[in-house]
Amino acid sequence: MSRLVRLPPGARRRVPAPGTAAALVVSLGAGLVLAGCTPASDGETLTVLAAASLREPFAALETTFENAHPDVDVTLSFGGSSDLADQIEAGAPADVVATADEPTMARLTDAGLVGTPTVFATNVLTIVVPTGNAAGVTSLADLARRDVDVVLCAPEVPCGRAAAAVTDAAGVTPHTVSEEPSVTDVLAKVSLGEADAGLVYVTDAASEPEDIETVPTPEAADVVNTYPVAVLSDPPAPDLADEWVALVTGAEGRSALSEAGFGTP
């Protein structure tokens with residue numbers, strides 16, 4: 001099995017985990033067939049860098065891909081999109097990158113570090129509070145109360161830019177006590193009760209049903225994040241990279257993303 005590795009903020013370079021050969025060749029059912037896939041040589045590794053909010057659907061697609069390629073080890077590395085871009089600009093070895101917004105991908109496109117991106121999913125924000133909602137948060141306006149400690153993504157991260165767009169449009173200045181490098185860090189602080197409220201993607205809120213509650217956030221419907229995926233300009237495994245993008249943007253990818261709560265472009 002591959003390893004799920006979260007890229008720490010500010011990390012400069014990551015070496016992918018060594019590939020491992022699968023112990024069993026899995027017969028491909030119709031639902032797992034990838035168009036045009038061919039057997040790979042022993043020990044190949046496909047390295048995918050992805051926005052933290054994509055952890056659940058990409059983990060499911062990892063299984064699909066490895067079943068179709070018994071000799072390939074998919075290494076998924078998750079982190080804030082801006083951190084992923086930093087990694088690629090610093091020369092981190094990778095084949096594919098998927099970010100949580102188009103401006104971050106544009107950094108890489110403009111630098112000639114990736115090929116043509118394809119938008120494959122959408123997402124919106126929602127307010128989350130710890131189970132029990134002790135602070136009594138019922139609306140976006142409540143995030144401005146001085147007795148409500150709010151945690152948000154940092155402004156350079158896609159979820160942070162989206163949060164700023166939502167609150168600015170509503171004329172709300174949140175009582176922010178912490179800015180985090182990824183949406184999963186925001187969710188963790190809220191679920192652990194270290195903050196009274198936060199703004200995260202609806203997909204992340206759905207992943208923590210027991211530790212958080214959501215608060216209706218109609219204002220967020222007007223701020224939609226679009227997720228692009230692209231193959232790096234000089235990937236170690238170009239054929240596998242193309243197949244991963246085809247999987248993510250195809251029917252099986254849409255199904256996995258829909259199950260996780262993502263919208264379609």
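Residues numbered from 1 in each chain as written. Predicted model: local features only at pLDDT ≥ 70, side-chain atom pairs only at ≥ 80, totals over all residues. Heavy atoms only, no water.

*Asks:* Please give an account of the pattern of salt bridges that cites residues and values.
*Replies:* Scanning all chains against the criterion turns up six salt bridges. When the shortest N-O distance is used, the salt bridge between E89 and R107 registers 2.6 Å. One end of the pair, E89, is in helix α2 (residues 81–89); the other, R107, is in helix α3 (residues 102–110), and 18 residues separate them in sequence. Classification of E89 as partly exposed rests on a relative accessible area of 42%. With a shortest N-O distance of 3.0 Å, R145 and D147 are connected by a salt bridge. For R145, a relative accessible area of 25% translates into the label partly exposed. Beyond isolated ion pairs, a larger network of salt bridges with shared partners links D86, E89 and R107. (Salt bridge = Lys/Arg side-chain N within 4 Å of Asp/Glu carboxyl O. Helix = DSSP H or I, 4+ residues; strand = E, 2+ residues; numbered from the N terminus. Buried < 20%, exposed > 50% of the residue type's maximum accessible area, 1.4 Å probe, protein only.)

*Asks:* Talk me through the state of the cysteines; I want residue IDs and the actual numbers.
*Replies:* For the structure shown, the criterion picks out one disulfide. The disulfide bridge from C153 ends at C159, spanning 1.8 Å between sulfur atoms. Handedness here is read from the sign of the S-S torsion; for C153 and C159, about -95°, the answer is left-handed. For the pair formed by C153 and C159, the shared burial category is buried. (Disulfide = S-S within 2.5 Å.)

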